[in-house]
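Given next are the chains, with one letter for each unit.
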Amino acid sequence: MSKTQTKISKLISYWLRHKPEDGNIILDEFGWANIDDILAALKAKNLESTQSNLIALSSSFDKIRWKIDEVNHRIKATHGHSISILQEAEAQTPPLTLYHGTATKFLESILNGGLKSKQRQYVHLSETIDMAEEVGSRHGKSFIIEIDTKKLLDDGWNFYKTEQNVWLTSEIPPQYLDFEPWEFDIDKEMNNTFIKELKKEIGTAHVLSNEVKNLKVYAKHGPNNDCLFMNDNTNEYFVVHLTWSGKKEKHDWPLIEQYDSFEDFIKKRLLPDQHDWYLNKLNPISKEP
């Protein structure tokens, strides 16, 4: 693609997705623009083109970005809108599980506020782990978030599917998100249960013996008894492997792992755990009969 074609492509996508008024372009309620208006806006930028050129340019993309109605001389962006448009297609039923790939630097924000559409109109979700991994890796170290679509459907969410097999839906609060294999949706009862057990197990010589009053449960590891505690005073994080014996343990039990920050925990524990989780999920070890 030439520099001129790249410039034309970026301008048209910008107008169709975000700022049609910058090109004196009017979109209908479904996001369609008149191609003649697009061509006039390009000409004002000293860029000459034709409908045939736009069709050829659209066909050259590695992914579908525009939808062109040759009969009615219209064009629209297929996804990525930050402006409000109506969906022409009816809502569809998605797979039971969809995935969202994100960079680890955004994890804490998502844990607190859920998935936001930000400049887009919808949250974008993928059908496969590989697709989500690719999306997440565009902005840094990738992390996969799972979404149970049945819960969202039951609570009134609608889902739409784009020509690129991307699923779109409204913003998703954190309680609908799964951060496998760790669970971050910790309620007050669960927090009290884990704190109570920790108090029973640690002895006076344990490194956490004087810190229990400052600890709260931040997450738990689904497959085992590991629990992530945060120290409210120091913002340190501790993964504690509770024994659930209900009594004081000997020596340095229960075993702990200490992390200087949540970012440190993500890098050294959360990411490796997720890697192993999906590795085993996608390639289960065959068991002897």
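A brief report on the enclosed structure follows.

Analysis parameters
Residues numbered from 1 in each chain as written. Predicted model: local features only at pLDDT ≥ 70, side-chain atom pairs only at ≥ 80, totals over all residues. Heavy atoms only, no water. Helix = DSSP H or I, 4+ residues; strand = E, 2+ residues; numbered from the N terminus. Rg over C-alpha atoms; globule rule 2.2 N^0.38 Å. Buried < 20%, exposed > 50% of the residue type's maximum accessible area, 1.4 Å probe, protein only. Contact = heavy atoms within 4.5 Å. Areas by Shrake-Rupley, 256 points an atom, 1.4 Å probe, with all protein chains shown as cover. Lys, Arg positive; Asp, Glu negative; His and termini not counted. Charge placed at Lys NZ, Arg CZ, Asp CG, Glu CD. Pairing = 2+ DSSP bridges. Axes fitted to C-alpha atoms, helices over the stretch in contact; angles between N-to-C directions. Polar contact = N/O pair within 3.5 Å; in protein donor to acceptor, adjacent residues only side chain to side chain. Salt bridge = Lys/Arg side-chain N within 4 Å of Asp/Glu carboxyl O. Expected span 1.5 Å × (residues − 1). Phe/Tyr/Trp six-rings, centres within 6.5 Å; stacked < 30°, edge-to-face > 60°. Lys NZ or Arg CZ within 6 Å of the ring centre and 35° of its normal.

What the protein chain contains, in helices and strands, is eight helices and 14 strands. Computed over the C-alpha atoms, the radius of gyration of the protein chain is 25 Å, more than 25% above the 19 Å expected from 2.2 N^0.38 for a compact globule of 289 residues. For the C-alpha atoms alone, the extent of the protein chain along its principal axes is close to 80 × 50 × 35 Å. When each of the 289 residues of the protein chain is scored for burial, the buried share is 44%. Residue pairs in contact within the protein chain that sit at least 24 positions apart in sequence constitute 66% of those at least 6 positions apart. Surface exposure of the protein chain reaches about 16,400 Å², of which carbon and sulfur atoms provide 48%. Taking the average location of the 36 positive side-chain charges in the protein chain and that of its 44 negative ones, the two points are 3 Å from each other.

Moving on: the sheet that holds strand S13 (residues 237–241). Strand order in this open sheet of five strands is S10-S11-S12-S13-S14, and the pairing throughout is antiparallel. Looking at strand neighbours, the two that pair on one side only are strand S10 (182–183) and strand S14 (256–259), the edges of this open sheet. Sheet analysis places strand S11 (residues 215–221) next to strand S12 (residues 226–231), joined by five bridges and oriented antiparallel. Bridge assignment links Ala 219 to a residue of S12, and that residue is Leu 228. Across the sheet, helix H7 (residues 188–201) lies against S10, S11, S12 and S13, angled at about 105 degrees from S11, the strand it touches most.

Inspection of the secondary structure assignment puts Asn 231 in strand S12. Looking at Asn 231, its side chain comes within polar contact range of the main-chain nitrogen of Thr 234, at 3.3 Å. With near-sequence residues (within four places) excluded, Asn 231 lies in contact with Glu 211, Asn 214, Leu 215, Glu 236 and Phe 238.

Quick look at the pattern of salt bridges now. Tallying each qualifying case throughout the model produces ten salt bridges. The partner of Arg 269 in a salt bridge is Asp 273, and the shortest N-O contact between them spans 2.7 Å. One end of the pair, Arg 269, and the other, Asp 273, are both in helix H8 (residues 262–282), four residues apart, so they sit about a helical turn from each other. For the pair Arg 269 and Asp 273, one class covers both residues: buried. Residues joined in a network through salt bridges with shared partners are Asp 226, Glu 257, Arg 269 and Asp 273.

Attention shifts here to H7. Since the α-helix turns once every 3.6 residues, residues separated by three or four places project in the same direction. The end-to-end C-alpha distance of H7 is 20 Å, a good match for the 20 Å that 14 residues give at a rise of 1.5 Å each. Buried residues along H7 sit in contact with S11, S12 and S13. Of the residues that open H7, the one with a side-chain oxygen 3.3 Å from the backbone nitrogen of Glu 189 is Asp 187.

As a further point, take the side chain of His 206. Topologically, His 206 is positioned in the loop between H7 and S11. We classify His 206 as buried; its relative accessible area is 5%. Side-chain polar atoms of His 206 contact the backbone nitrogen of Leu 208, separated by 3.1 Å. Here the side chain of His 206 touches Asp 252 through a polar contact of 3.4 Å, landing on its backbone oxygen.

Another point: the packing of aromatic side chains. Using the criterion set out here, one finds 14 aromatic pairs in the structure. Centre to centre, the rings of Trp 157 and Tyr 176 are 5.2 Å apart; their planes meet at 55 degrees, and the pair counts as tilted. Linking Trp 157 in the loop between helix H6 (149–154) and strand S7 (160–161) with Tyr 176 in the loop between strand S8 (167–169) and strand S9 (177–178), this pair joins segments that are 19 residues apart in sequence. Through a chain of ring-to-ring contacts, the aromatic side chains of Phe 143, Phe 179, Trp 182, Phe 184, Tyr 218, Tyr 237, Tyr 259, Phe 262 and Phe 265 assemble into a single cluster. In this structure, Arg 65 is placed above the aromatic ring of Phe 61, and the distance from its NZ or CZ to the ring centre is 4.2 Å. The positively charged end of Lys 118 is found above the aromatic ring belonging to Phe 106, 4.9 Å away from the centroid.

Here we come to the sheet that holds strand S6 (residues 142–148). Taken together, the three strands give an open sheet; going across it, the order is S4-S6-S9, and neighbouring strands pair in antiparallel fashion. The strands lining the two open edges of the sheet, one partner per strand, are strand S4 (97–103) and S9. Note: S6 against S9, two bridges, orientation antiparallel. From the neighbouring strand, Ile 147 faces S9, where its bridge partner is Leu 177.

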